[in-house]
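These are the residues of each chain, in order.
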Amino acid sequence: MIATAFSTSRLTLLPLAPQYAEEMAGVLSDPALYSFTGGEPPTVDALRARYERQVAGPGRADEHWLNWVIRAGDELIGFVQSTVTGSTAEIAWVIGSAWQGHGYAKEAAIGLADRLKAQDLRIIAHIHPDHLASAAVAAAVGLSRTDQLTDGEYLWT
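Predicted, not measured: the structure shown is a model, and the values here were computed from it. (Residues numbered from 1 in each chain as written. Predicted model: local features only at pLDDT ≥ 70, side-chain atom pairs only at ≥ 80, totals over all residues. Heavy atoms only, no water.)

A. Region of interest: the pattern of salt bridges. Here the structure, examined in full by the defined rule, presents 4 salt bridges. The partner of R48 in a salt bridge is D45, and the shortest N-O contact between them spans 3.3 Å. With R48 and D45 both in helix α2 (residues 44–56) and 3 residues apart, the pair spans about one turn of that helix. Overall, R48 belongs to the partly exposed group, its relative accessible area being 29%. (Salt bridge = Lys/Arg side-chain N within 4 Å of Asp/Glu carboxyl O. Helix = DSSP H or I, 4+ residues; strand = E, 2+ residues; numbered from the N terminus. Buried < 20%, exposed > 50% of the residue type's maximum accessible area, 1.4 Å probe, protein only.)

B. Up close: the nonpolar core. Ranked by internal contacts, the top residues of the largest apolar core, which has 50 residues, are M24, L28, W93 and L116. Beyond its immediate sequence surroundings of up to four residues, W93 is in contact with F79, V80, A105, A109, A125, I127, S134, V137 and A138. (Core = buried A, V, L, I, M, F, W, Y, C linked by side-chain atoms within 4.5 Å. Contact = heavy atoms within 4.5 Å.)

C. Region of the structure containing the environment of A113. Among the secondary structure elements, A113 is positioned in helix α3 (residues 104–117). Judged by its relative accessible area of 1%, A113 falls in the buried class. Distance from A113 to Q148, taken between C-alpha atoms, is 21 Å for residues 35 residues apart in sequence. Setting aside anything within four residues of it in sequence, one finds A113 in contact with I123 and V141.

D. A look at helix α4 (residues 132–141). Within α4 the residues assigned to the buried category are S134, A135, V137, A138 and V141. For α4, the buried positions fall inside an angular range of 160 degrees around the axis, keeping them on one side. Summarising the geometry of α4, the exposed residues directed more than 90 degrees from the buried face are L132 and A133. Close packing links the buried residues of α4 with β5 (88–95), α3, β6 (122–127) and β8 (153–156). (Arc of directions from axis to C-beta.)

E. How the structure looks around the pairing of β6. Pairing geometry for β5 and β6, over 3 bridges, is parallel. Across the sheet, the residue bridging to E90 is I124, located in β6. Examined bridge by bridge, β6 and β8 share 3 bridges and lie antiparallel to one another. The residue bridging H126 from the neighbouring strand is L155, located in β8. (Pairing = 2+ DSSP bridges.)

F. Inspection of the packing of aromatic side chains at higher detail. Applying the stated rule across the entire model yields 1 aromatic pair. Both rings, one in F6 and one in W68, keep their centres 5.7 Å apart while their planes meet at 80 degrees; by these two values the pair is edge-to-face. With F6 in strand β1 (residues 6–7) and W68 in strand β3 (residues 63–72), the pair connects residues that are 62 residues apart, well separated along the chain. Here F6 matches W68 in class, with each residue buried. Between R145 and the ring centre of Y154, over which it is positioned, the NZ or CZ distance is 3.8 Å. (Phe/Tyr/Trp six-rings, centres within 6.5 Å; stacked < 30°, edge-to-face > 60°. Lys NZ or Arg CZ within 6 Å of the ring centre and 35° of its normal.)

In structure tokens:
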């Protein structure tokens with residue numbers, strides 16, 4: 001299972017590659033992006049190393065890492081990703097602060113979920129209880145919040 005490029009009405013989702021690290025470091029530079037997930041903005045070198053690890057994958061036959069950067073027009077604006085284990089695909093999304101509020105996360109996440117559902121995969125996500133924007137995206141994808149709380153995040157199925 002590999003990530004291949006695809007498009008939605010306004011976005012192009014490109015398979016992750018280390019060459020995107022410099023531009024994505026700028027997209028991910030706002031400390032506010034880490035309010036719910038923890039961490040801090042990555043340096044270009046740290047992001048390039050992370051992308052190299054993600055592209056290489058987990059090294060386990062039963063798990064696949066699928067990652068895309070999101071392009072709107074001529075600039076990168078965020079990413080979507082999925083970890084596929086067996087018949088379950090856990091999805092996540094991040095849109096840079098400068099591009100939030102335009103429906104890009106919803107559009108990209110729905111596009112990703114549609115591709116994964118076409119492969120008969122069960123879609124899940126984990127979302128911080130206070131992250132209302134991500135909860136709205138998960139609902140738009142067709143997920144519902146469960147009462148299962150793991151590491152401070154609700155499971156959405």
